[in-house]
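Summary of the model geometry
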Amino acid sequence: MILSIASSGAANLLLAGASLLAVVAYGVVAGHGVKAVLSQAPEQMPAGLAQRLPGLLLLAWGLHLLALLLDFSGLGQAVPGTRFGFGPAISATVWLVLAVYMLESRFLPLPSVRRILALIAAAAVLLAWVFPGESRPHAGSPWAPLHWLLGLASYGLFGVAVLHAAMLNRAERMMRTLHKPGLGAASEPAAQPVMPLLRLERLTFQFVTAGVAALSAAILLGWWFTPHWRWDHKNLLAVLGWLVLTGLLTGRRVFGWRGRRATRWLYFGAMLLLLSYVGSRFVLEVLVQKPVAY
């Protein structure tokens with residue numbers, strides 16, 4: 001009993017340490033970005049500091065992963081099993097979005113996106129630390145872990161798609177400003193988009209397609225293999241989100257949807273999915289404080 005309590009205390013201390021270090025590292029990355037913006041002279045940031053920020057972001061990302069693994073493993077719990085909830089779901093989604101961003105940033109400079117994502121990641125780590133979810137000692141089906149993994153993957157893919165859609169909308173606004181009538185040669189030139197519009201659009205829909213595939217597999221597994229399937233708020237919103245996002249891909253293929261119409265469909269479908277698991281589990285875990293089966 002004493003060893004169990006000591007193990008639980010050490011695990012909680014390790015989780016707290018990894019979470020706090022990740023938040024601090026993310027905060028430093030975001031803080032330097034905000035400072036550069038407020039000074040309106042980001043080019044005056046010391047070269048050494050600018051070169052260290054990607055490495056610091058990678059360190060924060062690694063600590064973030066450690067905190068997620070400690071949380072998911074349920075290390076130190078009285079009953080062996082995994083632990084999951086709305087907080088870790090949001091944290092894992094943001095971690096996946098950051099993974100894709102860091103891969104893309106090796107080829108394209110996206111400093112404004114970096115500071116925004118660092119702020120969001122710091123908030124997500126804190127949220128998962130404060131609301132670590134509930135223990136799941138019994139999965140109910142050997143397919144349940146794959147169902148959860150596919151659900152998380154779809155959340156991450158749609159999160160990346162939303163990020164690219166926001167960048168696409170911003171680039172379109174910049175292009176309209178650049179070509180606005182009355183913008184003479186003597187005027188200050190508008191900033192150029194960091195990525196070509198067609199490439200941004202193509203990447204956005206590639207991530208949407210991958211997300212729909214992962215979500216389709218997750219829903220199928222949840223309906224076919226797990227004994228907990230029922231038409232509750234979570235599953236209904238998930239299916240509605242799947243219908244909206246599948247409709248978006250169909251509309252793009254058949255009617256050539258693009259631009260604001262396409263991104264609105266994406267935002268709406270992603271919001272339905274966010275409400276599906278995160279929203280329903282927030283209500284059950286925090287507001288109602290009712291145990292949930294999965």
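Remember, predicted model here, so these are calculated numbers, not experimental data. What you see as residue numbers is a count from 1 along each chain, following the sequence as written. Residue-level local features of this predicted model are given only where pLDDT is at least 70; pairs of side-chain atoms are given and counted only at 80 or more, and the full residue set underlies all totals for whole chains, interfaces and linings. With hydrogens and water excluded, all non-hydrogen atoms of the structure serve as input to the side-chain values.

The next point concerns the overall build of the protein chain. Helix and strand assignments follow DSSP, with helices taken as H or I runs no shorter than four residues and strands as E runs no shorter than two, numbered in order from the N terminus. Within the protein chain, the secondary structure is distributed over eight helices and two strands. Any residue under 20% of the maximum accessible area for its type is buried, any over 50% is exposed, and the rest in between are partly exposed; the area is computed with a 1.4 Å probe on protein chains only. Counting every position in the protein chain, which comprises 294 residues, the buried fraction comes to 42%. Sequence separation of at least 24 residues holds for 80% of the intrachain contacts in the protein chain that already meet a minimum separation of 6. Looking at the protein chain as shown, the accessible area adds up to about 15900 Å², and 71% of this sits on carbon and sulfur atoms. Whether two residues are in contact is decided by their heavy atoms: any pair within 4.5 Å suffices. Where accessible areas are quoted, they stem from the Shrake-Rupley method and a 1.4 Å probe; at the residue level, only the protein chains shown are allowed to cover.

Secondary-structure assignment places Glu 201 in helix H6 (residues 197–224). Dropping the residues within four chain positions of it, Glu 201 is found in contact with Leu 168, Arg 252, Arg 258 and Gly 259.

Right, let's talk about the nonpolar core for a bit. One finds Tyr 26, Leu 98 and Tyr 101 to be the most contacted residues of the largest nonpolar core, which totals 57 residues. Residue assignment for this core shows that the elements contributing at least two residues are helix H1 (2–38), helix H2 (47–73), helix H3 (86–104), helix H4 (111–130), helix H5 (144–178), H6, helix H7 (233–255) and helix H8 (259–287). Among the elements that make up this core, the one with the highest residue count is H5 (ten residues). Excluding residues that lie within four positions of it along the chain, Tyr 101 makes contacts with Leu 57, Leu 110, Val 113, Arg 114 and Leu 117. As used here, the term nonpolar core means buried Ala, Val, Leu, Ile, Met, Phe, Trp, Tyr and Cys residues forming a set that is joined through side-chain atoms within 4.5 Å.

On the secondary structure map, Thr 93 appears in helix H3. If near-sequence neighbours (up to four positions away) are discounted, Thr 93 is found in contact with Tyr 155 and Gly 156.

Right, let's get into the packing of H6 against H7. If you want to describe how two helices pack, look at the angle between their axes and the distance between the axes. For the pair H6 and H7, the least separation of the axes is 10 Å and the interaxial angle reads 140 degrees. Taken together, the axes of H6 and H7 lie oblique to each other. Relative to H7, H6 is oriented so that their crossing is left-handed. Two secondary-structure elements touch here, H6 through Glu 201, Phe 205, Val 208, Thr 209, Val 212, Leu 215, Ser 216 and Ile 219 and H7 through Ala 238, Val 239, Trp 242, Leu 245, Thr 246, Leu 248, Leu 249 and Arg 252. Throughout, the ten residues Ala, Val, Leu, Ile, Met, Phe, Trp, Tyr, Cys and Pro are labelled nonpolar, Asp, Glu, Lys and Arg are labelled charged, and all others, Gly among them, are labelled polar. The residue inventory of the contact of H6 with H7, partitioned by class, reads eleven nonpolar, three polar and two charged. Geometry is summarised by axes, namely lines fitted to C-alpha atoms with helices restricted to the contacting stretch, and by angles between N-to-C directions that run from 0 to 180 degrees. We call two directions roughly parallel when the angle between them is under 35 degrees, roughly antiparallel when it is over 145, roughly perpendicular when it lies between 65 and 115, and oblique otherwise. Note: crossing handedness is left-handed where the near helix turns anticlockwise from the far helix by less than a right angle, and right-handed where it turns clockwise.

Counting through the fold element by element, Leu 126 comes out in helix H4. Note: C-alpha distance between Leu 126 and Gly 87 (39 residues apart in sequence) is 8.7 Å.

Turning to the packing of aromatic side chains, a few remarks are in order. Whether two aromatic rings pair depends on their centres lying within 6.5 Å, for rings of Phe, Tyr and Trp, where Trp uses its six-membered ring; planes under 30 degrees apart make the pair stacked, over 60 edge-to-face, and the rest tilted. This model, assessed by the stated rule, comprises four aromatic pairs. Arranged with centres 6.2 Å apart and planes meeting at 25 degrees, the rings of Phe 255 and Trp 257 form a pair that is stacked. Ring geometry for Trp 257 versus Trp 265: centroids 4.8 Å apart, planes at 45 degrees, classification tilted. In this structure an aromatic cluster arises from ring pairing among Phe 255, Trp 257 and Trp 265. By definition, being over a ring means that NZ of Lys or CZ of Arg is both within 6 Å of the ring centre and within 35 degrees of the ring normal. Here the basic side chain of Arg 252 rests over the ring of Phe 205, its NZ or CZ set 4.0 Å away from the ring centre.

The next thing to look at is a nonpolar patch on the surface. Put simply, a patch holds well-exposed residues, over 30% relative accessible area, that have no salt bridge, with like charges counted together within 9 Å and Val, Leu, Ile, Met, Phe, Trp or Tyr side chains within 5 Å. Take a side-chain nitrogen of Lys or Arg and a carboxyl oxygen of Asp or Glu: if they are within 4 Å of each other, that pair is a salt bridge. Among the surface-exposed residues, Leu 20, Leu 126, Trp 129 and Val 130 lie close enough to one another that they form a single nonpolar patch of about 340 Å² accessible area. When you line up the elements, Trp 129 lands in helix H4.

A grouping of Arg 170, Arg 173, Arg 176, Arg 260 and Arg 264 is seen on the molecular surface, where their side chains present a positively charged patch. Counting only elements with at least two residues in the positive patch, the list comes to H5 and H8. Top contributing element to the positive patch by residue count: H5, with three residues. By the element assignment, Arg 173 lies in helix H5. The charge count treats Lys and Arg as positive and Asp and Glu as negative. His and the chain ends do not count. One atom stands in for each charge, and that atom is NZ of Lys, CZ of Arg, CG of Asp or CD of Glu.

This part covers the pattern of salt bridges. Per the counting criterion, the structure on display carries two salt bridges. Residue Arg 252 is joined to Glu 201 by a salt bridge in which the shortest nitrogen-to-oxygen separation is 3.7 Å. A residue pair is termed long-range when its members are at least 10 positions apart, and Arg 252 in helix H7 and Glu 201 in helix H6 qualify at 51 residues. For Arg 252, a relative accessible area of 27% translates into the label partly exposed.

With that settled, consider the confidence of the model for the protein chain. Taken residue by residue, the protein chain gives an average pLDDT of 80. The fraction at 70 or more is 74%. The lowest-confidence element of the protein chain is strand S2 (residues 134–136), averaging 72 in pLDDT; the highest-confidence one is H7, averaging 93. Counting interchain partners and residues more than four positions distant, the pLDDT-below-50 stretch residues 1–6 has zero contacts. Per-residue confidence from the predictor is reported as pLDDT, a score between 0 and 100. Scored below 50 in pLDDT, residues 34–43 shows five contacts in the model against residues more than four places distant or in partner chains.

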